[in-house]
Amino acid sequence: MKKPTKITSGSASVNVPRRLDHVVLPVCDLETARARLSRLGFTVAPDARHPFGTENACVFLGDGTYLEPLAIAQRETCEAAAQKGNVFVARDQAFRFRNGADGFSALAFATQDAAADHAGFVETGFSAGRPLSFSRVFDDGKGSKSKAAFKLAFAGDLRSPDSFMFTCQRMGETPDRSRLQKHPNGVTGLASVVLCETNPSDFQYFLQEVSNQRETGSDSFGINLQTGPVKISVYNEDGMRSWFGLEPSTKERGLRIAGLVFKVRKLDKIRQVFDGSAVSHRALHNRLIVDRAQGQGAFFAFEESK
């Protein structure tokens, strides 16, 4: 795939990377995901339904990012939406078919102009399909409900069937999520998202286009891009072993989104949460790492924020 000649960033300045907005984590069902995330010390938002048959129970973080555990609420509705060209649902179905019910499928970046982003993705050959507009109900957990509306523009690389990305434009005001951003485990935000690939630099241009970030760091373990406060890191097999003590689960090529590194105030506090709820964890490089489990389709690592 040819190198793009420019970053087509929609309404964003070419000098300003898109901020990571949220991450999509397919789960077997919301009840299992809620129980698992609660054991890890997270506050989980009330269940919310999408009009195309999926549902989520989000974990909102203090830095404005959030986790979206995604389950199937109505299979028939999902299948009908996918057949009509709903990229979000179609990619979720494809991911589950290849990887099972629990995993990590997508990254979403904030934008002010999803339509312009879509045009840019088409121009550079990275479009994953037509844009999507929808709304759903937001429940703050205390009885207050409001409407949340979004426009999405999708990007993908055909060499990576098990991951995709999109930009997310919020329509109207963002609902008050402050109560849901406080977590017993002391997590304040995301430090980085971890991806893995045999040769990370093969996907440098795709990641630059989606994140609107030209500056890319590299070393013998992989590449990284800084998108606002959150770093996107792509490691090769040696990097995954060295930094996280993990053996890549497959030798297939393509970007796989593997895990999240969270910022916490004190590691001792989150260690106490894990010990109190009998969550298996291990220490490596001044981090606590919790490996994948049912309802948690990615590894979670926790480090003290500076």
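Structure: above.
Values in this document were obtained by computation on a predicted structure and should not be read as measured data. (Residues numbered from 1 in each chain as written. Predicted model: local features only at pLDDT ≥ 70, side-chain atom pairs only at ≥ 80, totals over all residues. Heavy atoms only, no water.)

Peer 1: I would appreciate a short explanation of the overall build of the chain in the present structure.
Peer 2: Assigned secondary structure in the chain consists of seven helices and 17 strands. The C-alpha atoms of the chain give 18 Å as radius of gyration, which agrees with the globular expectation for 306 residues (19 Å, within 12%). On the principal axes, the C-alpha backbone points of the chain span a range of 50 × 50 × 35 Å. The buried share of the chain, reckoned over its 306 residues, is 52%. Element-wise, carbon and sulfur atoms account for 48% of the exposed surface of the chain, whose accessible area totals about 13,400 Å². Mean positive and mean negative side-chain charge positions of the chain (40 and 34 charges, respectively) differ by 2 Å. (Helix = DSSP H or I, 4+ residues; strand = E, 2+ residues; numbered from the N terminus. Rg over C-alpha atoms; globule rule 2.2 N^0.38 Å. Buried < 20%, exposed > 50% of the residue type's maximum accessible area, 1.4 Å probe, protein only. Areas by Shrake-Rupley, 256 points an atom, 1.4 Å probe, with all protein chains shown as cover. Lys, Arg positive; Asp, Glu negative; His and termini not counted. Charge placed at Lys NZ, Arg CZ, Asp CG, Glu CD.)

Peer 1: Please clarify how the layout of surface pockets should be interpreted in this entry.
Peer 2: Where empty space is left in the structure can be found by rolling a water-sized probe over the atoms. The calculated volume of the largest pocket comes to roughly 510 Å³. As for the largest pocket, its lining consists of 27 residues, and the residues nearest its centre are Cys196, Ser249, Arg256, Ala258 and Arg292. Mapped onto the lining of the largest pocket, the elements with two or more residues apiece are helix H3 (87-99), helix H6 (237-244) and strand S14 (256-264). By volume, the second largest pocket is sized at about 270 Å³. In terms of lining, the second largest pocket is formed by 20 residues, of which the most central are Ser192, Lys231, Ser233, Tyr235 and Arg287. The set of elements that each furnish at least two residues to the lining of the second largest pocket consists of strand S10 (187-196), strand S12 (222-227), strand S13 (230-235), H6 and S14. (1 Å grid on protein atoms, 1.4 Å probe; cavity = no way out; pocket = protein on both sides within 12 Å on 5 of 7 lines; lining within 4 Å. Points joined across faces, edges and corners; volume = space filled by probe spheres on them.)

Peer 1: Looking at this model, I keep getting lost on H3. Mind explaining?
Peer 2: Three or four residues apart is the spacing at which side chains of an α-helix point the same way, because the helix has 3.6 residues per turn. Between its first and last C-alpha atoms H3 spans 18 Å; for 13 residues at 1.5 Å apiece the expected length is 18 Å, and the two agree. Those residues of H3 that fall on the buried side of the exposure criterion are Val87, Phe88, Val89, Arg91, Asp92, Phe95 and Arg96. A positive phi of about 95° marks glycine 100, the residue just after H3. (Expected span 1.5 Å × (residues − 1).)

Peer 1: Teacher, can you tell me more about the packing of aromatic side chains here?
Peer 2: Aromatic ring pairs: the centre-centre distance and the angle between the two ring planes describe each pair. Applying the stated rule across the entire model yields 18 aromatic pairs. Judged by centre distance (5.1 Å) and plane angle (80°), the ring pair of phenylalanine 52 and phenylalanine 134 falls under edge-to-face. Of the two residues, phenylalanine 52 sits in the loop between strand S2 (48-49) and strand S3 (54-56) while phenylalanine 134 sits in strand S7 (residues 132-139), which places them 82 residues apart along the sequence. Taking the centre distance of 5.2 Å and the plane angle of 15° together, the rings of phenylalanine 262 and phenylalanine 302 count as stacked. Taken as a pair, phenylalanine 262 in strand S14 and phenylalanine 302 in strand S17 (residues 299-304) lie far apart in primary sequence, 40 residues in all. (Phe/Tyr/Trp six-rings, centres within 6.5 Å; stacked < 30°, edge-to-face > 60°.)

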